[in-house]
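Residue strings, one per chain:
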Amino acid sequence: MSFNRLLAAATHRHESLLCVGLDPEPSKFPEHLRGDPSKIFEFCARIVDSTKDLVNSFKPQIAYFAAHRAEDQLEELMAYIRRVAPDVPVVLDAKRGDIGSTAEQYAREAFVRYQADAVTLSPYMGFDSIEPYLKYDGKGLILLCRTSNPGGSDLQFQQLANGEHLYEHVARLAAGAWNRDQRLGLVVGATFPNELARVRELAPTLPLLIPGVGAQGGDAAATVRAAWRPDAPIMVNSSRAVLYAGQGEDFASAARQVAQATRQTLQLARKA
Ligand SMILES: O=C(O)c1cc(=O)[nH]c(=O)n1[C@@H]1O[C@H](COP(=O)(O)O)[C@@H](O)[C@H]1O
C-alpha cells in the first residue's frame, strides 16, 4: 500500500496524529541496557511493541544506528515493524540530498535495503536530487521546509527577490511544480506554529511531519490547530520524551504512558 494510504488508514484506525521517533542512544537507555549498542534493536522493539496501537507512524533516525555500526539492527527493526505493525507506515529519517546518481543509491538504501514507506530529504540541491526517489512507486518523500531548530532561520527564513521566504518557496514547489504524482510531504517544526500555519496555507493537503513537541518544547495543541485539516494528514513526532520516559525495566510502559498522553492532547486539540 502507498505511504499516503497507509498514513491515512493508521491515523483513522488508531485515532492518532502521533509519530514516535526511534532515536536510540545507548547512553540514555534504561539501566539494564545502558551503554550497550548491541541492545539497540531490543530497546526499539520494546518501544514499538508498547506504542504501536497509539501512533500513525514511526520514524527511525538513521544516524542513531549508523553511529554505532548498527545498520543491521535498523534492518532488523524495519522488518520487525512490518511484521508486528504492518498497518503503521515507517518514515526513515535520513535527510538525504545529493546529485542524481548518488541520490539513486540513497533511494535504494531507503526503499530497497530498509524498505521504508517514506524518507526525509533535503530539497537544497533541487528537483533532480529528489527525482530518483520518485521511481519507487507509492513511497513518500518528505522535504525539509521549516525545521524545528533555531538555526533553521539562517537559510529558510531568508527573503527571496519576490519577498517570499525560502521555506515558503519550498512549500509552494512541493505543493505544485515538484509534486508530480502527489507523493511529497514537508517537514515543519512544532516550534514555529506561525510558519506551520503558513505552510498549511501554501500546501493545504500535503502530509506534514512535525517534530519538536516533547524535548524541544513545541506546543502540541497549537501544532494541531495550525496544521490539522480533515483531508491533510500530519505526523507529530516525539522522540526523546517518549523513549526515555522511564529508566527501569518497565521503560516500555513508561514510554506508553507518555505516548498515550501526547496522543490524547493531539486528539483533544483536533476535536476542539
Ligand atoms: O526531519 C526530522 O525528523 C526533524 C526535522 C526537524 O526540523 N527537527 C527535528 O528535530 N527532526 C528530528 O525529529 C526528532 C526530534 O526528536 P526529539 O526532540 O527528541 O523529539 C529527531 O530525530 C530530529 O532529528
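The name an unreviewed UniProt entry assigns to the protein chain is Orotidine 5'-phosphate decarboxylase, from the organism Ideonella margarita. Checking UniProt for the protein chain, the heading Pathway (unreviewed entry) contains the comment "Pyrimidine metabolism; UMP biosynthesis via de novo pathway; UMP from orotate: step 2/2." Its UniProt record gives the protein chain a comment under Sequence similarities (unreviewed entry), which states: "Belongs to the OMP decarboxylase family. Type 2 subfamily."

A. Structural view of the overall build of the protein chain. Check the secondary structure of the protein chain and you find 11 helices and 8 strands. Against the 2.2 N^0.38 benchmark of 19 Å for 272 residues, the protein chain shows a C-alpha radius of gyration of 18 Å, consistent with a compact globule. Counting all 272 residues of the protein chain, 55% fall into the buried class. The long-range share in the protein chain, meaning contacts at least 24 apart out of those at least 6 apart in sequence, stands at 71%. With the model as given, the accessible surface of the protein chain reaches about 11,600 Å², and the carbon-plus-sulfur share is 49%. Taking the average place of the 30 positive charges on the side chains of the protein chain and the average place of its 31 negative ones, the gap between the two points comes to 4 Å.

B. Focus on the UniProt feature "domain: Orotidine 5'-phosphate decarboxylase" (unreviewed entry) in the protein chain. Mapped onto this numbering, the UniProt entry annotates "domain: Orotidine 5'-phosphate decarboxylase" (unreviewed entry) at residues 17-255. In the segment residues 17-255, helix accounts for 36% and strand for 17%; the C-alpha atoms at its two ends are 16 Å apart.

C. Fine view of the sheet that holds strand 6 (residues 184-188). Across the sheet, 8 strands lie side by side as 2-1-8-7-6-5-4-3; this open sheet has parallel pairing. Strands with a single pairing partner mark the edges of an open sheet, and in this sheet they are strand 2 (57-60) and strand 3 (91-96). Strand-to-strand, the axes of this sheet are offset by a mean angle of 30°, without reference to chain direction.

D. Spatial organisation of the site of the ligand. In the vicinity of the ligand lie 17 residues, with Asp23, Ser148, Gln216, Ser239 and Arg240 positioned nearest. Between the ligand and Asp23 there is a distance of 2.6 Å, counted from an oxygen atom to a side-chain nitrogen or oxygen. The side chain of Asp93 places a nitrogen or oxygen atom 3.1 Å from an oxygen atom of the ligand. Compared with its free state, where it exposes 510 Å², the ligand has 90% of that area covered by protein. Elements that contribute at least two residues to the shell around the ligand include exactly strand 3, strand 7 (208-211) and strand 8 (234-238). Residues that form the shell around the ligand fall into these classes: 5 nonpolar, 7 polar and 5 charged.

E. Just the UniProt feature "active site" (unreviewed entry) in the protein chain, in detail. Under the local residue numbering, the UniProt record ascribes the feature "active site" (unreviewed entry) to Lys95. Residue placement: Lys95 occurs in strand 3. Non-local contacts of Lys95, meaning those with residues more than four positions away in its chain, are made with Gln61, Thr120, Leu121, Ser122 and Leu144.

F. Structural detail: the pairing of strand 2. Here strand 2 shows no split at all, with Ser57 and Lys59 on one side and Phe58 and Pro60 on the other all buried. As judged from the 4 bridges shared by strand 1 (residues 18-22) and strand 2, these two strands associate in the parallel manner. Residue pairing for strand 2: Val20 is matched across the bridge by Phe58. Handedness of the β-α-β unit built from strand 1, helix 2 (residues 40-51) and strand 2 comes out right-handed.

G. Structural detail: unusual backbone geometry. We note that Lys95 has phi near 50°; this positive angle belongs to a residue other than glycine. On the accessibility criterion, Lys95 (40% relative accessible area) is partly exposed.

H. Structural view of the environment of Ala215. Along the chain, the position of Ala215 falls in the loop between strand 7 and helix 9 (220-227). Note on Ala215: relative accessible area 49%, which makes it partly exposed.

I. Focus on the side chain of Thr11. For Thr11, the location among the structural elements is in helix 1 (residues 3-13). Among the polar contacts listed, one links the side chain of Thr11 to the side chain of Asn56, at a separation of 3.1 Å. Excluding residues within four positions of it along the chain, Thr11 makes contact with Ser16, Leu17, Asn56 and Arg270.

J. Examining the nonpolar core more closely. Judged by nonpolar contacts, the single largest core of 78 residues is most densely connected at Leu22, Phe43, Leu186 and Leu208. Broken down by element, the residue count for this core peaks at 7 residues, all from helix 2. Beyond its immediate chain neighbours, meaning those up to four positions away, Phe43 contacts Pro24, Phe29, Pro30, Leu33, Leu243, Tyr244 and Phe251. In this structure, Ala118, Leu144, Val187 and Leu209 belong to the second largest nonpolar core, which totals 10 residues.

K. Structural detail: the packing of helix 2 against helix 4 (residues 71-84). Relative orientation of the contacting elements helix 2 and helix 4 amounts to 20°, with a least axis distance of 9 Å. Considering their axes alone, helix 2 and helix 4 lie roughly parallel with respect to each other. Seen along the crossing, helix 2 lies across helix 4 with a hand that is right-handed. From helix 2, Ile40, Phe41, Cys44, Ala45, Arg46, Val48 and Asp49 reach across to helix 4, where they touch Gln73, Glu76, Leu77, Tyr80, Ile81 and Val84. When grouped by side-chain class, the residues that make up the contact of helix 2 with helix 4 number 9 nonpolar, 1 polar and 3 charged.

The rules behind each value
- Residues numbered from 1 in each chain as written.
- Predicted model: local features only at pLDDT ≥ 70, side-chain atom pairs only at ≥ 80, totals over all residues.
- Heavy atoms only, no water.
- UniProt positions renumbered as here; feature names shortened; annotations may be inferred.
- Helix = DSSP H or I, 4+ residues; strand = E, 2+ residues; numbered from the N terminus.
- Rg over C-alpha atoms; globule rule 2.2 N^0.38 Å.
- Buried < 20%, exposed > 50% of the residue type's maximum accessible area, 1.4 Å probe, protein only.
- Contact = heavy atoms within 4.5 Å.
- Areas by Shrake-Rupley, 256 points an atom, 1.4 Å probe, with all protein chains shown as cover.
- Lys, Arg positive; Asp, Glu negative; His and termini not counted.
- Charge placed at Lys NZ, Arg CZ, Asp CG, Glu CD.
- Pairing = 2+ DSSP bridges.
- Axes fitted to C-alpha atoms, helices over the stretch in contact; angles between N-to-C directions.
- Near = heavy atom within 4 Å.
- Polar contact = N/O pair within 3.5 Å; in protein donor to acceptor, adjacent residues only side chain to side chain.
- Nonpolar A, V, L, I, M, F, W, Y, C, P; charged D, E, K, R; others polar.
- Right-handed = clockwise from strand over helix to strand, strands pointing away.
- Core = buried A, V, L, I, M, F, W, Y, C linked by side-chain atoms within 4.5 Å.
- Parallel < 35°, antiparallel > 145°, perpendicular 65-115°, else oblique.
- Left-handed = near helix turned anticlockwise from the far one by under 90°.

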